[in-house]
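Each chain, letter by letter, is given below.
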Amino acid sequence: MSGALTALLALIVVGGANPDAPVTATVAGDPACARLLEQTRFLEEPEWIDHAVRPRETLWQIGVRYGVTREALVEWNELEGVRARVRSGNRLKVLTDRVPPPRERITYTAEPGDDWGEVAIRHRVNLDDLRAWNWKKTGSLEPGMTLAIWIDPGAPRTVHCRRGEPPPPLEFRKDAVSRGYPSGGRLIRGILVPLSPLWKRGKKDEMWASSHTLATMIEAFTRLRVDSGYDGEVFVGTVSRRKGGNPGRTNRTAPASTSTFVCRCCRPSRSRPTRPPRPSTGRPSGS
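Residues numbered from 1 in each chain as written. Predicted model: local features only at pLDDT ≥ 70, side-chain atom pairs only at ≥ 80, totals over all residues. Heavy atoms only, no water.

Draft legend 1. Representation of the environment of Ser210 in the model. Mapped onto the elements of the fold, Ser210 is located in the loop between β9 (208-209) and α7 (211-227). Residue Ser210 is classed as buried on the basis of its relative accessible area of 5%. Note: C-alpha distance between Ser210 and Lys174 (36 residues apart in sequence) is 8.3 Å. Setting aside chain neighbours within four positions, we find Ser210 in contact with Ala176, Val177, Ser178 and Leu187. Of the polar contacts made by the side chain of Ser210, one reaches the side chain of Thr213; its length is 3.0 Å. (Helix = DSSP H or I, 4+ residues; strand = E, 2+ residues; numbered from the N terminus. Buried < 20%, exposed > 50% of the residue type's maximum accessible area, 1.4 Å probe, protein only. Contact = heavy atoms within 4.5 Å. Polar contact = N/O pair within 3.5 Å; in protein donor to acceptor, adjacent residues only side chain to side chain.)

Right under this line is the structure:
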């Protein structure tokens with residue numbers, strides 16, 4: 001399996017999937033998620049809140065935090081469309097059913113062997129942001145150097161920390177295998193990817209897989225649905241032809257496991273007003 005599908009499954013599954021093992025979600029609890037759930041106010045009905053923009057925070061990031069789109073933020077706050085930008089200290093009106101804790105500034109002291117990229121990854125922040133927050137510091141990091149970092153207490157699962165319901169188990173044969181190198185493989189006793197609440201699938205003649213590939217898909221998407229609580233749509237466009245071959249070509253000697261994967265993720269729609277109401281007495285609650 002290669003391409004975007006391999007990349008996605010590698011991100012979700014740690015280690016290889018065993019077709020003979022039971023397919024379950026086994027990811028350990030995420031402390032960041034626990035903290036987010038403890039400090040987030042979940043509302044019975046959507047309410048208008050007031051969000052204070054933090055340094056280098058973008059409209060897209062703000063939308064992810066509150067489960068709304070960038071376009072909605074632009075419209076609610078009468079910003080300048082596709083080119084809209086926000087600055088630290090700006091206030092935005094947001095209609096949401098949850099109020100997560102705000103980003104917070106911490107100070108990190110560099111340790112021997114640290115570099116900029118490693119520190120950014122460790123704190124789950126963008127490297128460009130890290131350098132911008134510390135623009136007076138240039139060159140390599142030296143032990144003892146202090147860095148300002150704006151972190152999200154709920155990272156990396158600001159959107160869906162609550163666990164989802166486990167899907168029904170999927171039974172499948174364990175004798176489907178792929179043979180050969182990526183430059184010329186084939187699929188033996190291939191399995192048609194079954195219909196499942198985990199995903200929507202593409203054309204049947206392009207949805208054949210080995211037992212290992214199918215086990216990995218089930219494991220990965222079960223973890224996505226259960227551990228992260230994601231309930232949007234996932235679309236698997238193509239995997240392989242029945243006897244192997246890239247679905248995008250007519251050459252049947254192409255690798256059996258070459259995949260084109262399309263993930264179409266849609267947030268469940270919800271009816272919301274298009275503009276914030278006129279302010280009444282008092283201020284909206286802060287984030």
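Alright, that's what it looks like, and here's the rest.
Draft legend 2. Focus on the packing of aromatic side chains. The final tally for this structure, using the stated rule, is two aromatic pairs. Judged by centre distance (5.7 Å) and plane angle (75 degrees), the rings of Trp199 and Phe221 are edge-to-face. On the criterion of sequence distance, the pair formed by Trp199 in the loop between β7 (191-192) and β8 (200-201) and Phe221 in helix α7 is long-range, its members being 22 residues apart. Judged by relative accessible area, which is 4%, Trp199 ranks as buried. Note on Phe221: relative accessible area 1%, which makes it buried. Its end group placed over the ring of Tyr66, Arg65 keeps NZ or CZ at 5.9 Å from the ring centre. (Phe/Tyr/Trp six-rings, centres within 6.5 Å; stacked < 30°, edge-to-face > 60°. Lys NZ or Arg CZ within 6 Å of the ring centre and 35° of its normal.)

Draft legend 3. Layout of unusual backbone geometry. The phi dihedral of Arg56 falls on the positive side, at around 65 degrees, and the residue is not glycine. Mapping Arg56 onto the fold places it in the loop between β1 (41-52) and α3 (59-66). Unlike most non-glycine residues, Glu78 shows phi in positive territory, near 50 degrees. Take Glu78: its relative accessible area is 64%, and that puts it in the exposed class.

Draft legend 4. Inspection of α3 at higher detail. Along α3, the positions that sit buried rather than exposed are Leu59, Ile62, Gly63, Arg65 and Tyr66. Considered in projection along α3, the buried side chains sweep an arc of 160 degrees and stay on one side of the axis. Where the residues of α3 are buried, they touch β1, α4 (70-76) and β2 (91-99). Following α3 by one or two positions, Gly67 has its phi on the positive side, about 70 degrees. (Arc of directions from axis to C-beta.)

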